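These are the residues of each chain, in order.
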Amino acid sequence: MKPEQFILGRKEQHQTFNTGPHRCVGLNLARLEMKVFYEEWLKRVPSFRLDPQAPPRFMGGFSLSVTSLPLVWG
Ligand code: HEM
């Protein structure tokens, strides 16, 4: 698995919502909001794919950030 892969159904433990006693109490709401957002947004935008000439760029740190995401539309 690569850090830049986007795998909605992944089973491995991740740290996005932390773990243990401070595990995010809003995680179910956050997941639902993201699910609804992607469902509604994808209905409204034209089809797209990653630009094969310009791979996405990332910046590490406390959380992985996408700094450049060139897309090809249509
Ligand atoms: C993508 C959205 C979200 C992310 C990535 C996220 C992430 C986190 C993380 C990493 C922590 C642990 C912080 C620590 O170690 O002290 C945390 C805690 C918490 N989050 Fe979220 N959160 C999200 C959305 C939400 C939402 C929607 C709510 C409430 C409506 C919420 C409420 C809380 C609360 C109350 C805590 C403190 C839990 C505790 O310390 O017992 N979060 N969140």
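For the structure, check the block above.
Below you will find a few notes about this structure. (Residues numbered from 1 in each chain as written. Predicted model: local features only at pLDDT ≥ 70, side-chain atom pairs only at ≥ 80, totals over all residues. Heavy atoms only, no water.)

## Remarks on the coordination of the iron atom of the ligand
Stage number 1. Of all protein atoms, C24 (SG) alone acts as a donor to the iron atom of the ligand, lying 2.3 Å away.
Stage number 2. Locating C24 in the fold gives a position in the segment before α1 (27–44). (Donors = N, O, S within 2.8 Å, 3.2 Å for Na, K, Ca; no water. Helix = DSSP H or I, 4+ residues; strand = E, 2+ residues; numbered from the N terminus.)

## Some points on the site of the ligand
Stage number 1. Close to the ligand lie T16, F17, N18, P21, H22, R23, C24, V25, G26, L29, A30 and M34.
Stage number 2. N18 places a polar side-chain atom, nitrogen or oxygen, 2.6 Å from an oxygen atom of the ligand.
Stage number 3. Between the ligand and H22, the relevant distance is 2.8 Å, taken from an oxygen atom to a side-chain nitrogen or oxygen of the residue.
Stage number 4. When its residues are assigned to classes, the shell around the ligand shows seven nonpolar, four polar and one charged. (Near = heavy atom within 4 Å. Polar contact = N/O pair within 3.5 Å; in protein donor to acceptor, adjacent residues only side chain to side chain. Nonpolar A, V, L, I, M, F, W, Y, C, P; charged D, E, K, R; others polar.)

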